[in-house]
Amino acid sequence: MTVPDLRTARLRLRGLEPTDTEAIVRVFADPDTSRFLAADLSDPDQCRASVERRLAYTGPDGTGHWVVERDGVVIGLAHLRPSAELSGDLVEIGYFLDPAHGGQGLATEAAAALLRHAFTALGLPAVWALVHESNVASRKLVRRLGFTDVGGGEHYGGPHRVLVALPTALGQWHHVELWVPDLARAEESFGWLLTELGWQEHQRRRDGVSWKLGVGYLVVQQSPALTGATHDRRAPGLNHLALHAGPPERVDQLADAALAHGWRPLFADRYPHTGGPDHHAAYLENADGFEIELVAESPRVTRPG
Ligand SMILES: CC(C)(COP(=O)(O)OP(=O)(O)OC[C@H]1O[C@@H](n2cnc3c(N)ncnc32)[C@H](O)[C@@H]1OP(=O)(O)O)[C@@H](O)C(=O)NCCC(=O)NCCS
């Protein structure tokens, strides 16, 4: 199990280790901390057995179990792991705090750090939480973090709310605007390629078109204020845009089909490993000098589930 260190204003979350066992026994010493769990972890033996199971976790890289430390002292435990209750593809969050440290927003801070990790480092599309109907503190916590309640059901031997958090747009790019010398040519090359990759036409004006995918959109515009007629990708400014393009075979197919849509290959003699032996990508340039890189999924990327 490999989980990275996560830092917040007041906390450090680091991977659970065997030497944390007795500290975790202390976290669960109050029976209330495991009140909504199937096992009573205020019993040190049951708690140690639970820590052992957590230490034996072998899920996808970047998921697993963290201790929550404040000023070097273990005050809680948290996890992100494929859900045993929902489906192996869905990653579930969990958090437990020594009640001596409750009521200060520390559990919220720790859970928020796990969500950021899940959405930014792991690129997960969603994080799930199962919260016992009567677990008021935890229900408040997920509400504070913006989880959406999507229903209820019997889980972990009792009635639970099922909640989900989705990545937010905050900090992601809103749009990119490219000024082009010929709108029709730009539309033929960019429009074809982006549509192939699942983008949809978003806005159309007399001098511009945009396509959108997720929270961001890309505009090509033939602005009347344009001061030049060519784009030099080697001059200061934008060199190229790189897009996720699916499995290597799909990149090969797109690179081939792109030739009929205003693109020509770059670095063809080194295709498909121009960017290095582990990098499968197609580099293309359109008639106006704009470069696009189509990046294949890496077989090394571990996906949960
Ligand atoms: C669920 C659990 C972690 C929540 O602990 P908590 O102390 O309520 O949560 P936080 O540390 O985020 O503190 C939140 C409280 O601190 C207050 N608070 C103070 N400063 C705060 C800050 N800077 N930010 C957020 N909240 C703050 C909040 O208002 C809230 O109080 P309230 O419940 O009266 O509204 C804890 O009850 C627990 O360990 N329960 C047992 C295990 C469990 O059930 N886990 C969940 C399984 S799904």
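Procedures and definitions
Residues numbered from 1 in each chain as written. Predicted model: local features only at pLDDT ≥ 70, side-chain atom pairs only at ≥ 80, totals over all residues. Heavy atoms only, no water. Helix = DSSP H or I, 4+ residues; strand = E, 2+ residues; numbered from the N terminus. Expected span 1.5 Å × (residues − 1). Buried < 20%, exposed > 50% of the residue type's maximum accessible area, 1.4 Å probe, protein only. Pairing = 2+ DSSP bridges. Axes fitted to C-alpha atoms, helices over the stretch in contact; angles between N-to-C directions. Contact = heavy atoms within 4.5 Å. Polar contact = N/O pair within 3.5 Å; in protein donor to acceptor, adjacent residues only side chain to side chain. Core = buried A, V, L, I, M, F, W, Y, C linked by side-chain atoms within 4.5 Å. UniProt positions renumbered as here; feature names shortened; annotations may be inferred. Domains from an automatic or database assignment. Salt bridge = Lys/Arg side-chain N within 4 Å of Asp/Glu carboxyl O. Phe/Tyr/Trp six-rings, centres within 6.5 Å; stacked < 30°, edge-to-face > 60°.

The name an unreviewed UniProt entry assigns to the protein chain is RimJ/RimL family protein N-acetyltransferase, from the organism Amycolatopsis thermoflava.

Asker: Describe helix H3 (residues 106-121), with residues and values.
Answerer: Over its 16 residues, H3 runs 22 Å from end to end, which matches the ideal 22 Å to within 8%, given 1.5 Å per residue. Across the 16 residues of H3, 13 count as buried, placing the element largely inside the fold.

Asker: Provide a residue-level description of the sheet that holds strand E11 (residues 208-213), including the pertinent values.
Answerer: Paired through their backbone hydrogen bonds, the strands of a sheet run either parallel or antiparallel. One open sheet holds the four strands; their spatial order is E9-E12-E11-E10, and the pairing between them is mixed. Strands at the two margins of the open sheet, each flanked by one partner only, are strand E9 (175-179) and strand E10 (200-205). Direction aside, the axes of adjacent strands within the sheet are offset by 20° on average. The sheet strands contacting helix H5 (residues 183-196) are E9, E10, E11 and strand E12 (216-221), and the helix crosses E11 at an angle near 10°.

Asker: Please set out the side chain of His65 residue by residue, giving values where relevant.
Answerer: Along the chain, the position of His65 falls in strand E3 (residues 64-70). We classify His65 as buried; its relative accessible area is 3%. Side-chain polar atoms of His65 contact the side chain of Arg54, separated by 3.3 Å.

Asker: Go over the nonpolar core with me, naming the residues and quoting the values.
Answerer: Core analysis: the largest hydrophobic core is formed by 31 residues, its most contacted members being Leu13, Leu80, Ile93, Tyr95, Leu114, Val127 and Phe147. Residue assignment for this core shows that the elements contributing at least two residues are E3, strand E4 (73-82), strand E5 (91-97), H3, strand E6 (127-132), helix H4 (136-144) and strand E8 (158-165). Residue contributions to this core peak at eight residues, all from H3. Once residues within four sequence positions are removed from consideration, Ile93 is found in contact with His79, Leu80, Ala111, Leu114, Leu115, Val127, Trp128, Ala129 and Phe147. Of all hydrophobic cores here, the second largest spans 28 residues; its members include Leu178, Leu183, Val220 and Val251.

Asker: Summarise the pairing of E11; cite the residues concerned and give the values.
Answerer: Pairing between E10 and E11: five bridges, direction antiparallel. Bridge pairing in E11 places Glu201 opposite Trp211. Across six bridges, the pairing between E11 and E12 is antiparallel. In the sheet register, Gly208 faces E12, and the bridge partner there is Gln221. What sits between the antiparallel neighbours E11 and E12 is a turn of two residues, in which Gly214 has the positive phi angle 65°.

Asker: With reference to specific residues and values, describe the UniProt feature "domain: N-acetyltransferase" (unreviewed entry) in the protein chain.
Answerer: Taking the numbering used here, the UniProt-annotated feature "domain: N-acetyltransferase" (unreviewed entry) corresponds to residues 11-169. Across residues 11-169, the secondary structure splits into 28% helix and 31% strand, with the terminal C-alpha atoms separated by 25 Å.

Asker: Outline the domain arrangement of the protein chain, supporting the account with residue identities and numerical values.
Answerer: By domain assignment, the protein chain separates into domain 1 (6-165) and domain 2 (175-295). Relative placement of domain 1 and domain 2: their C-alpha centres are 42 Å apart.

Asker: Help me get a handle on the pattern of salt bridges, residues and values and all.
Answerer: Counted by the stated rule, this structure contains 20 salt bridges. For Arg10, the salt bridge is made with Glu109, and the minimal N-O distance between the two is 2.7 Å. You can see Arg10 sitting in the loop between strand E1 (6-7) and strand E2 (12-15) and its partner Glu109 sitting in helix H3, a full 99 residues away along the chain. Its relative accessible area of 31% is what places Arg10 among the partly exposed residues. The class of Glu109 is buried, set by a relative accessible area of 16%.

Asker: How would you summarise the packing of aromatic side chains if you had to cite specific residues and measurements?
Answerer: As enumerated under the stated definition, the model contains five aromatic pairs in all. An angle of 50° between the planes, with centres 5.3 Å apart, marks the rings of Phe28 and Phe96 as tilted. Linking Phe28 in the loop between helix H1 (21-27) and helix H2 (44-55) with Phe96 in strand E5, this pair joins segments that are 68 residues apart in sequence. Comparing Phe28 with Phe96, the two get one shared label, buried. Ring centres of Trp173 and Trp199 lie 6.4 Å apart, and the angle between their planes is 35°; on these two criteria the pair is classed as tilted.

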